[in-house]
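The chain contents come next:
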Amino acid sequence: MSLVYLHPLIIMTTTATPPQKPEQTNGRDNRRRLFVCPRMAFLARPSQIAKYGLLVVAILGLVYLAAIGLGHLPFWLAWMSDWRHESDWLGGCALRKGPVLQVVGQARVRILWEASCADGESRVYLRKASQTSSNFEPPQTFDYSALAHRRHLYAAVIPDLPLNETIEYYVEYNGRKTAVFPFRLPSDQPRPVRLVLMGDGQLGATTFRRNIKAAIRHKPDLFVHLGDIVQNCETWRDWYTHAFAPMSQHGFVARCPSVFVSGNHDWLHGRPNVYLHDLPNPLKTYFALTVGSARIIVLDTEQERPEQTAWLEAELASPASGKAAFRIVVVHVPPYIEFWSPVDWRN
């Protein structure tokens, strides 16, 4: 009893809970207290950060590559389509390119198409949209050229078409018919017109396709390609994958009158290419036409000949050129640039 009164601290010490050593907790528990949410604890581990960071980067990279691949998907589909038509095992006759509505002068067009077989009965038929009760009439003549294996090119030049009036046409080949395509040549009277110009799409089929898609939304009266539509005009497949497939989206060049300027990549062995200018009956690669209040003068920079110079001087002196509010000269190579004409540039 005396011990209790004389030494109360001893009593307290002996009866109190002895101090415990700090709990041997691992770092994970401490980090749990730090982050509150146990599921986020892994973020504090440097090794985990590196591992999951690399995983996120890899996923983003795959998403980026997939987006690029989807962007180029139409090109590869066009490539496969052209390869399929060229294969002997496929057989049959199919329309490989076109139709393409090419303007080759004032009120003058050339309708072009390519089939995988020779067909002496292949024709293009036209009529005025206002005369729906009348039959489609074929033109008098058309050009034909066997380019290569299963590549048979047809073209019909149609002069003296009415301006600012809707014309309908379709192509018949091997007993089949395409859809009916309407078009309207731009008026030669002063009025607002919408032009789309682009060029040098030979190395960017995907970009060219996007540009054509944007052009379709603007509904142009005239489409002008300023040359170099392909990189190598001897590579037949490029004409489809890089040129006709992108331009044929939603029937764009089948409906929209189009002008094709000769570029240096569009010539073959000193001659214009067969697709746009040269068939058994070659076309002039320079001409002029009136579109609204503008006179569009198309020149061929691959022909430095006196004939073209004399024609240009006569054109500039003509009444059609004189009364135009604008004279727009479209060429592939500009008159003075250092790369093409170093002497002229320095002088």
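Going by the structure above, here's the rest.
Since the model is a prediction, treat every value here as computed from it, not as a measurement. (Residues numbered from 1 in each chain as written. Predicted model: local features only at pLDDT ≥ 70, side-chain atom pairs only at ≥ 80, totals over all residues. Heavy atoms only, no water.)

1. Focus on unusual backbone geometry
- With an omega dihedral of 5 degrees, the bond running from G98 to P99 counts as a cis peptide bond.
- Examined against the element boundaries, P99 turns out to sit in strand 1 (residues 95-105).
- One non-glycine residue, A107, lies in positive phi territory at about 55 degrees.
- Looking at the element boundaries, A107 is found in the loop between strand 1 and strand 2 (108-115).
- Residue A107 is classed as buried on the basis of its relative accessible area of 15%. (Helix = DSSP H or I, 4+ residues; strand = E, 2+ residues; numbered from the N terminus. Buried < 20%, exposed > 50% of the residue type's maximum accessible area, 1.4 Å probe, protein only.)

2. Examining a nonpolar patch on the surface
- Together, L73, W76, L77, W79, M80 and W83 give the surface a local cluster of nonpolar side chains, amounting to about 630 Å² of exposed area.
- Tracing the chain through its elements places W83 in helix 4 (residues 46-86). (Patch = residues over 30% accessible without salt bridge, like charges linked within 9 Å, V, L, I, M, F, W, Y side chains within 5 Å. Areas by Shrake-Rupley, 256 points an atom, 1.4 Å probe, with all protein chains shown as cover. Salt bridge = Lys/Arg side-chain N within 4 Å of Asp/Glu carboxyl O.)

3. As for the state of the cysteines
- Tallying each qualifying case throughout the model produces one disulfide.
- A sulfur-sulfur distance of 1.8 Å marks the disulfide that ties C93 to C117. Disulfide C93-C117: the torsion about the S-S bond is -75 degrees, which places it as left-handed. Separated by 24 residues along the polypeptide, C93 in the loop between helix 4 and strand 1 and C117 in the loop between strand 2 and strand 3 (123-128) bring together distant segments of the chain. (Disulfide = S-S within 2.5 Å.)

4. Details of the side chain of E172
- By secondary structure assignment, the location of E172 is in strand 6 (residues 166-173).
- Summary of buried charges: E172 has no salt-bridge partner, and the nearest side chain of opposite charge, K177, is 4.6 Å away.
- Within the structure, the side chain of E172 is placed 3.4 Å from the side chain of Y125, a separation counted as a polar contact.
- Among residues more than four places away in sequence, those in contact with E172 are E121, S122, R123, Y125 and K177. (Lys, Arg positive; Asp, Glu negative; His and termini not counted. Polar contact = N/O pair within 3.5 Å; in protein donor to acceptor, adjacent residues only side chain to side chain. Contact = heavy atoms within 4.5 Å.)

5. So, the sheet that holds strand 15 (residues 294-298)
- The strand order 14-15-16 describes an open sheet built from three strands, whose pairing is mixed. Taken across any chain shown, the strands that pair with only one partner, and hence form the sheet edges, are strand 14 (287-291) and strand 16 (326-330). Taking each pair of neighbouring strands and ignoring which way they run, the sheet shows an average axis angle of 20 degrees.
- Examined bridge by bridge, strand 15 and strand 16 share five bridges and lie parallel to one another. Each residue of the ladder has a partner; that of I297, found in strand 16, is V329.
- Across the sheet, helix 8 (residues 306-316) lies against strand 14, strand 15 and strand 16, angled at about 175 degrees from strand 15, the strand it touches most. (Pairing = 2+ DSSP bridges. Axes fitted to C-alpha atoms, helices over the stretch in contact; angles between N-to-C directions.)

6. A short note on the packing of aromatic side chains
- Taken as a whole, this structure holds 13 aromatic pairs when the rule is applied.
- Residues F223 and F252 carry aromatic rings whose centres are separated by 5.4 Å and whose planes lie at 65 degrees to one another, so their mutual orientation is edge-to-face. Of this pair, F223 sits in strand 10 (residues 222-225) while F252 sits in helix 7 (residues 252-255), and the two are 29 residues apart along the sequence. There is no split in this pair, since F223 and F252 are both buried.
- Measuring from ring centre to ring centre gives 6.1 Å for W236 and Y275, while their planes differ by 75 degrees; the resulting arrangement is edge-to-face. With W236 in helix 6 (residues 236-247) and Y275 in the loop between strand 13 (271-272) and strand 14, this pair connects stretches of sequence that are 39 residues apart.
- What makes W236 partly exposed here is its relative accessible area of 23%.
- In this structure Y275 comes out as buried when scored by relative accessible area, which is 1%.
- Site record: aromatic cluster; members linked through ring pairs are W236, W239, F244 and Y275. (Phe/Tyr/Trp six-rings, centres within 6.5 Å; stacked < 30°, edge-to-face > 60°.)

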